[in-house]
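# Per-entry structural report
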Amino acid sequence: WYMHGSKTANGEKFNPNGYTAAHKTLPFGTLLRVTNQDDNRSIVVRVNDRGPFTKGVDLDISKGGARELGILLQGRAKVRVEQLITSR
């Protein structure tokens, strides 16, 4: 999960407790179902930022999303990502 500045790449105010995500290439507004592979907890997040910029990491989710998925303390987890809706 991640937490950074006051604005996301799409210009909206960053809400660390929201269910949002950073992805390198997916359009802003894309909805993704993210499922923790350890316990099958699942949430839907909206892409509103760019990144992650760490090798081997494909998606960053907000702190609120990480809390709901049960991965807040570990910081990283193996998740399944399903694209639900792509915004254009």
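Every chain's residues receive numbers from 1 upward, in the order its sequence appears when written. In view of the model being predicted, local features appear only for residues whose pLDDT reaches at least 70, and side-chain atom pairs are presented and counted only at 80 or more, with totals across whole chains, interfaces and linings using the full set of residues. As a rule here, side-chain values cover all heavy atoms of the structure and leave hydrogens and water aside.

### A short note on the side chain of Asp 60
The helix count covers DSSP runs of H or I at least four residues long, the strand count covers runs of E at least two residues long, and both are numbered beginning at the N terminus. Relative to the elements of secondary structure, Asp 60 occurs in strand β4 (residues 60-61). Under the scheme applied here, a residue whose accessible area is under 20% of the maximum for its type counts as buried, over 50% as exposed, and between as partly exposed, the area being computed with a 1.4 Å probe on protein chains only. Positive charges are assigned to Lys and Arg, negative charges to Asp and Glu, while His and the chain termini are left out of the count. Take a side-chain nitrogen of Lys or Arg and a carboxyl oxygen of Asp or Glu: if they are within 4 Å of each other, that pair is a salt bridge. Put simply, Asp 60 is tucked away with no salt bridge, and the nearest opposite charge, on Arg 76, sits 6.7 Å away. Two residues form a contact once any of their heavy atoms are found within 4.5 Å. Non-local contacts of Asp 60, meaning those with residues more than four positions away in its chain, are made with Tyr 2, Thr 20, Ala 21, Ala 22 and Pro 52.

### Remarks on the side chain of Asn 48
Checked against the element boundaries, Asn 48 lands in strand β3 (residues 42-49). With relative accessibility at 1%, the residue Asn 48 sits in the buried group. Residues adjacent in sequence count toward polar contacts only when both atoms are side-chain atoms; beyond that, a polar contact is any pair of N or O atoms within 3.5 Å, and within protein one must be able to donate a hydrogen and the other to accept it. Only 3.0 Å separates the side chain of Asn 48 from the side chain of Glu 12, close enough to count as a polar contact. With residues near it in sequence (within four places) discarded, Asn 48 still touches Tyr 2, Thr 8, Ala 9, Asn 10, Glu 12, Thr 20, Ala 21 and Phe 28.

### Looking at the sheet that holds strand β1 (residues 20-22)
Each strand in a sheet pairs with its neighbour through backbone hydrogen bonds, running either in the same direction (parallel) or in the opposite one (antiparallel). The sheet built from five strands is open, its strands ordered β4-β1-β3-β2-β5 with mixed pairing. If you trace the sheet from one side to the other, it starts and ends with β4 and β5 (79-85), each paired once. Pairing between strands is defined by DSSP: at least two bridges between them are needed. In this sheet, β5 lies alongside strand β2 (residues 31-36) in antiparallel orientation, the contact comprising six bridges. The residue of β5 that forms the bridge with Asn 36 is Val 79.

### As for the nonpolar core
Of all hydrophobic cores here, the largest spans 12 residues; its members are Ala 21, Leu 26, Leu 32, Val 34, Ile 43, Val 45, Val 47, Leu 59, Ile 61, Ala 66, Leu 69 and Ile 71. Of all the secondary-structure elements, those providing two or more residues to this core are β2, β3 and α1 (63-69). The element that contributes the greatest number of residues to this core is β3, accounting for three residues. Other than its neighbours up to four places away in sequence, Leu 69 contacts Val 34, Asn 36, Asp 39, Arg 41, Ser 42, Ile 43 and Ile 61. Residues belong to a common nonpolar core when they are buried Ala, Val, Leu, Ile, Met, Phe, Trp, Tyr or Cys residues joined through side-chain atoms within 4.5 Å.

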